[in-house]
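Structural description and commentary
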Amino acid sequence: MKIIEFFESDKTTQELLLHALRRCDWEAAKYLLGLLEDGTFAETLGGKGRLFFLLDGETVVSFLTLTDQDCVAAPDMTPWIGFVFTFPEYRGKGNIGILLDHARKCTALDGVPFVFLATNHTGQFEKYGFAFLGNRKDIHGEESRLYVAPAADIVPLADATQKQAREVIRQSGIREAWESIGAKVNQVGSMATGLLMKRRDIDFHVYTDKLDATESFKAISRICVNPNVIRLEYRNLAATDEACLEWHVWYNLDGEEWQIDMIQILRGSQFDGYFEHVAERIKAALTPERRRTILELKYLTPLEEHIAGIEYYQAVIADGVRTYVQFTAWRKEHPMTGINQWCP
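Figured I'd write up the structure that's included with this text. (Residues numbered from 1 in each chain as written. Predicted model: local features only at pLDDT ≥ 70, side-chain atom pairs only at ≥ 80, totals over all residues. Heavy atoms only, no water.)

**Some points on a nonpolar patch on the surface**
Judged by side-chain polarity, Met1, Ile3 and Ile98 come together as a nonpolar surface patch covering roughly 250 Å² of accessible area. With respect to the helices and strands, the residue Met1 is situated in the segment before strand S1 (2-5). (Patch = residues over 30% accessible without salt bridge, like charges linked within 9 Å, V, L, I, M, F, W, Y side chains within 5 Å. Areas by Shrake-Rupley, 256 points an atom, 1.4 Å probe, with all protein chains shown as cover. Salt bridge = Lys/Arg side-chain N within 4 Å of Asp/Glu carboxyl O. Helix = DSSP H or I, 4+ residues; strand = E, 2+ residues; numbered from the N terminus.)

**Quick look at the side chain of Gln314**
Its place among the elements puts Gln314 in helix H11 (residues 309-318). The residues touching Gln314, leaving out its near neighbours within four places in the chain, are Asp319, Trp330, Asn340 and Trp342. (Contact = heavy atoms within 4.5 Å.)

**Looking at helix H9 (residues 274-285)**
The first and last C-alpha atoms of H9 sit 17 Å apart over 12 residues, in line with the 16 Å expected at 1.5 Å per residue. If you check which residues of H9 are buried, you get Glu276, Val278, Ala279, Ile282 and Ala285. Against the buried residues of H9 lie strand S8 (184-188), helix H7 (189-193), strand S9 (201-208), helix H10 (288-300) and H11. (Expected span 1.5 Å × (residues − 1). Buried < 20%, exposed > 50% of the residue type's maximum accessible area, 1.4 Å probe, protein only.)

**Here we look at the packing of H10 against H11**
Two elements in contact, H10 and H11, have axes whose closest approach is 10 Å; the angle formed by their N-to-C orientations is 140 degrees. Between H10 and H11, the crossing angle belongs to the class labelled oblique. Between H10 and H11 lies a crossing of right-handed hand. Of H11, the residues touching H10 (which contributes Arg290, Thr293, Ile294, Leu297 and Lys298) are Tyr312, Tyr313, Val316 and Ile317. (Axes fitted to C-alpha atoms, helices over the stretch in contact; angles between N-to-C directions. Parallel < 35°, antiparallel > 145°, perpendicular 65-115°, else oblique. Left-handed = near helix turned anticlockwise from the far one by under 90°.)

**Quick notes on the nonpolar core**
Trp80, Phe116, Leu133, Ile282, Leu300, Tyr313 and Phe327 are the most contacted members of the largest nonpolar core, which totals 37 residues. Mapped by element, the contributors of at least two residues to this core are strand S5 (114-119), strand S7 (143-150), helix H5 (154-172), H9, H10, H11 and helix H12 (324-333). Per element, the largest residue contribution to this core is 6 residues, and it comes from H11. Leaving out residues up to four positions away in the same chain, Phe327 has contacts with Leu297, Ile307, Glu311, Tyr312, Ala315 and Val321. (Core = buried A, V, L, I, M, F, W, Y, C linked by side-chain atoms within 4.5 Å.)

**Looking at the sheet that holds S8**
In a beta sheet, neighbouring strands pair by backbone hydrogen bonds and run either parallel or antiparallel. Spatially, the 5 strands line up as an open sheet ordered S8-S9-S12-S11-S10, and their pairing is mixed. Every interior strand has two partners, whereas the edge strands, S8 and strand S10 (229-237), have only one. Geometrically, the sheet is characterised by an average inter-axis angle of 20 degrees between neighbouring strands, direction not taken into account. Across 8 bridges, S9 lies against strand S12 (residues 256-266) in parallel orientation. Looking at the pairing, Tyr207 lines up with Ile265 of S12. Relative to the sheet, helix H8 (residues 213-224) contacts S10, strand S11 (244-253) and S12, its axis offset from that of S11 by approximately 5 degrees. Sheet contacts for H9: S8 and S9; angle to S8, the most-contacted strand, approximately 40 degrees. (Pairing = 2+ DSSP bridges.)

**Focus on the side chain of Ser172**
Its place among the elements puts Ser172 in helix H5. Engagement of the side chain of Ser172 in a polar contact is seen with the backbone oxygen of Ile169, the distance being 3.2 Å. (Polar contact = N/O pair within 3.5 Å; in protein donor to acceptor, adjacent residues only side chain to side chain.)

**What about H12?**
Taken together, the buried positions of H12 are occupied by Tyr324, Phe327 and Trp330. Take H12 and look down its axis: the buried residues cluster within an arc of 110 degrees, on one side only. Exposed residues pointing more than 90 degrees away from the buried face of H12 are listed as Lys332 and Glu333. Looking at the buried side of H12, the elements it contacts are strand S6 (131-137), H10 and H11. (Arc of directions from axis to C-beta.)

**Remarks on the environment of Met197**
As for its position among the elements, Met197 is in the loop between H7 and S9. For the pair Met197 and Phe87, spaced 110 residues apart in the sequence, the C-alpha separation amounts to 40 Å. Residues in contact with Met197, not counting those within four places in the same chain, are Ile154, Leu157, Ala158, Thr161, Leu295, Lys298 and Tyr299.

**Structural notes on the packing of aromatic side chains**
Using the criterion set out here, one finds 24 aromatic pairs in the structure. Each ring, one from Phe7 and one from Phe41, has its centre 4.9 Å from the other, and the planes form 50 degrees; the classification is tilted. On the criterion of sequence distance, the pair formed by Phe7 in the loop between S1 and helix H1 (11-22) and Phe41 in helix H3 (residues 41-45) is long-range, its members being 34 residues apart. Accessibility expressed as a relative area gives 39% for Phe7, which makes it partly exposed. Taking 5.6 Å as the distance between ring centres and 35 degrees as the angle between the ring planes, the aromatic pair formed by Phe114 and Tyr299 counts as tilted. One end of the pair, Phe114, is in strand S5; the other, Tyr299, is in helix H10, with 185 residues separating them in the sequence. In this structure, Phe114 and Tyr299 share a single accessibility class: buried. Through a chain of ring-to-ring contacts, the aromatic side chains of Phe6, Phe7, Trp26, Phe41, Phe53, Phe63, Phe85 and Phe87 assemble into a single cluster. (Phe/Tyr/Trp six-rings, centres within 6.5 Å; stacked < 30°, edge-to-face > 60°.)

**Some words on the pairing of strand S2 (residues 50-56)**
Of all the 7 residues making up S2, 5 are buried; the element is thus mostly covered by neighbouring parts of the structure. Taken together, the 4 bridges between S1 and S2 define a ladder with antiparallel strand orientation. Note that in S2 the partner of Ile3 across the bridge is Leu54.

**Observations regarding the packing of H1 against helix H2 (residues 27-37)**
Following both chains from N to C, one finds H1 and H2 inclined at 145 degrees, their axes separated by 9 Å at the closest point. The interaxial crossing formed by H1 with H2 has left-handed handedness. Judged by residue contacts, Leu18, Leu21 and Arg22 of H1 engage Leu32, Leu33, Leu36 and Glu37 from H2. Residues of the contact of H1 with H2, tallied by class, amount to 5 nonpolar, no polar and 2 charged. (Nonpolar A, V, L, I, M, F, W, Y, C, P; charged D, E, K, R; others polar.)

Everything listed here is a matter of geometry and, on its own, says nothing about what the molecule does.
Laid out in C-alpha cells, this is it:
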C-alpha cells in the first residue's frame, strides 16, 4: 500500500487517479471529480487543500481530502477531512484508517491541534480515534454529525499565544499608562492562569482611589496614542451595582486584532483582589492533564459562542469533565447567571 497526493503527482499519475474517480458511482465523488476537472478545487475547498489516494499497486483503494473548508460553515474549525471513500472490494479491512492517520499526521506537521470531519454516519469513525463533537447544519441546511481528532500538541500553540499576548502588553504600555496616574494594575483572566487559547483577549483589573473618568482618560490617552490601537470603547458603570468603569481597546499586532479589557475598580471595594485570588487558586489546581483539557475545550468552542473562562475551569477541575460533549452537557446542568463565584 502507498499514499499519493494528487496535486504533487505527475500528469500520468493524475490521470490514473481521475480514472478511478470516474468509475466511482458515489455522488460526492462525482462532485469532487468536477472540482478537479474544472480547476475549482482550491477555490471551493480552500487554497491549501490536499487530496490523498491509497493505492494497492496501481489500483486505487481509498481516497479523502484534507482542506480548509468543508460542507459545514465554521471558519474557526479547520482543517477538514472530507470525501472519505473506499472502493467496495477493499471495504471491511480498515484501509481508510491508513489515510485518516496520514491526514492527522499532515495536520500535526502544520502545527494544528485538531482535524475535523462532518458526516451523516454514526459509529464509523470512532474506531479511528475520532470523537463526536455535536450536530450542526451544513451549507445545504441538512444536519451533519461533527467529529474531531487530535493532531499536533496543543500546549506549544497555547504557549505561543501567551507569548504574543505578552508582546501586546509590552508594546501597548498598558501598565505604565495606568501607573502614571497612581493606579494598581493586575493581570486577571486567562493570561493570569496560563489558559489563554484562540480568543485574543487580555484582561486587567485597574484599582484607583476614586472612579474619576477625567483622570482615567489621561491614562487611556497615553494608550491610544499608539497607532496600533484601532478602537476604544468606554462604559461608565460607577452608579450601578458593578461600581466600575470599563475600558476596552483593540490592538493590532502583526495583522491580528487583540482585545484588551481594563476594568477600573475602587480600591478596597467588594471585588478588590477577588479575581486575582481565584486566578491563583485555579493556577495552583492545574495539572498538565487539566491544563491540556481546558485548552482543548477552549479551542473546540466555536468563536460565536461566548463562554466565561470560569465555566471551563469549574467543569474540568471540580467535576472532571474531559470532552466537549461532556462540557456541553455540564453547561446545561450548570447555567451561569451573574458572577460565578466558584473557586477551587
